[in-house]
Amino acid sequence: EDFISRLSHEIRTPLNDMVVLNNLLANSELNENQKNISETLIASTTNLVNIIQSISESSPSDVSFQHKANTLFNIKTTIEGTIEFYSKKGIGEFNLSLNEDLVPTEAIGNPVILKQIMLIFIESIMNASTNDNKNIVNLNVELEKKPMNKFTYIFDLRSNNRVFSSQDQIDTILSAIDSPEKAVGLQPDLLGLNILFGRKLINLLQGNLEIKMEEESTQFLFTTVFDIPGDSEHRSYEHAKVPEFDKGKAKLELKDANLLLVEDNELNQKIVKIGLKDYF
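Definitions and cut-offs
- Residues numbered from 1 in each chain as written.
- Predicted model: local features only at pLDDT ≥ 70, side-chain atom pairs only at ≥ 80, totals over all residues.
- Heavy atoms only, no water.
- 1 Å grid on protein atoms, 1.4 Å probe; cavity = no way out; pocket = protein on both sides within 12 Å on 5 of 7 lines; lining within 4 Å.
- Points joined across faces, edges and corners; volume = space filled by probe spheres on them.
- Helix = DSSP H or I, 4+ residues; strand = E, 2+ residues; numbered from the N terminus.
- Nonpolar A, V, L, I, M, F, W, Y, C, P; charged D, E, K, R; others polar.
- pLDDT = per-residue confidence, 0-100.
- Contact = heavy atoms within 4.5 Å.
- Salt bridge = Lys/Arg side-chain N within 4 Å of Asp/Glu carboxyl O.
- Buried < 20%, exposed > 50% of the residue type's maximum accessible area, 1.4 Å probe, protein only.
- Core = buried A, V, L, I, M, F, W, Y, C linked by side-chain atoms within 4.5 Å.
- Axes fitted to C-alpha atoms, helices over the stretch in contact; angles between N-to-C directions.
- Left-handed = near helix turned anticlockwise from the far one by under 90°.

(A) Inspection of empty space enclosed by the protein at higher detail. Inspection of the entire model under this criterion finds 2 cavities of 30 Å³ or more. Its boundaries defined by the atoms lining it, the largest cavity holds a volume of some 50 Å³. What lines the largest cavity is simply Ile79, Ile83, Phe94, Asn95, Met118, Ile122, Val137, Asn138, Leu139 and Leu157. Of all elements in the fold, only α3 (75-88), β2 (92-98), α4 (111-128) and β4 (135-146) reach the threshold of two or more residues within the lining of the largest cavity. If you tally residues by element for the lining of the largest cavity, the top one is β4, at 3 residues. Looking at the lining of the largest cavity residue by residue, the class counts come to 8 nonpolar, 2 polar and no charged.

What follows is the structure in structure tokens.
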């Protein structure tokens, strides 16, 4: 436990630096391609933060999420940008089916969380594959309209490989999410932790997750709820923010605060100065 605690601390230090620099990059002037890469980088980094958090606390109950922006984004380019990195490695074949006449590609929500979910499931598929069976991953996206101008996007992600050993393994992992008493005795591997994180991230988007496995294939079926902008909303949501989770505490403006920062690592000192310079 002491070793894990110290190792976790050593890993968190550069991770925190990455989070700060990623957010600074995301808030700079970027073109669409650079923005897409930046969001994918944030999603991947945040997934790593969650893994370290779980290892150090031996509990998958809390999900860390740094990037809470709610913005207008293109679902198709968000997905394509995420799987592009895997396609370039030549480790699989990826097929996206999205009928743009029936499924509006522009939505209002959080593209980074969607990228996180995609990264988790695709990475799980890649890690479970065998060298003698080429990965073929198919993703179909459909739309179901809900009341109050809410729209449920249905993501059907299928792999030609078995990701889990059995359906019982899937049921055990998913039941640990709904029954905390079962999670106490669960000793999940990295695959189990990833599924736990993926499910919790889907919950943040008001969605659900189902996992089904057949003889030689695995299906991740998950939903997310996004708004679809009207003609007058395309730009008004560009910088909209998700409401803060904690409304009970008044914010303290940094310009009115006295701060004492003590840091013995020169790189960390530099990053702290970069991160705070816009506030003073």
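Still to come is the rest of the account.
(B) Local environment of the confidence of the model for the protein. Residue-level pLDDT values for the protein average 77, and 74% of them are 70 or greater. Note that pLDDT drops below 50 for residues 58-62; the model gives that stretch 8 contacts with residues more than four away or on any other chain. Every residue in residues 183-187 is under pLDDT 50, and counting partners more than four places away or in other chains gives 3 contacts.

(C) Structural detail: the pattern of salt bridges. Enumeration according to the criterion identifies 3 salt bridges in this entry. Note that lysine 76 and glutamate 100 form a salt bridge whose closest N and O atoms lie 2.7 Å from each other. Here the residue lysine 76 occupies a position in helix α3, and glutamate 100 occupies one in the loop between β2 and β3 (106-109), the gap between them amounting to 24 residues. The class for lysine 76 is partly exposed, based on a relative accessible area of 25%. According to the relative accessible area criterion, glutamate 100 is partly exposed, its value standing at 44%. Ionic pairing is found between aspartate 156 and arginine 158, a salt bridge with its closest N-O pair at 3.1 Å. With a relative accessible area of 14%, aspartate 156 lands in the buried category.

(D) The arrangement of the nonpolar core in detail. Within the largest apolar cluster, 50 residues are counted, with the highest numbers of intra-cluster contacts made by Phe121, Tyr153, Phe164 and Ile195. Broken down by element, this core gets its largest block of residues, 11 residues, from α4.

(E) The arrangement of the packing of α3 against α4 in detail. Put simply, α3 and α4 touch, their axes get as near as 10 Å, and they point 35 degrees apart. Helix-helix and strand crossings are classified by hand; for α3 and α4 the assignment is right-handed. Along the contact surface, α3 presents Thr78, Ile79, Gly81, Thr82, Ile83 and Tyr86, while α4 presents Pro111, Leu114, Lys115, Met118, Leu119, Ile122, Glu123 and Met126. Class assignment of the residues belonging to the contact of α3 with α4 gives a composition of 9 nonpolar, 3 polar and 2 charged.

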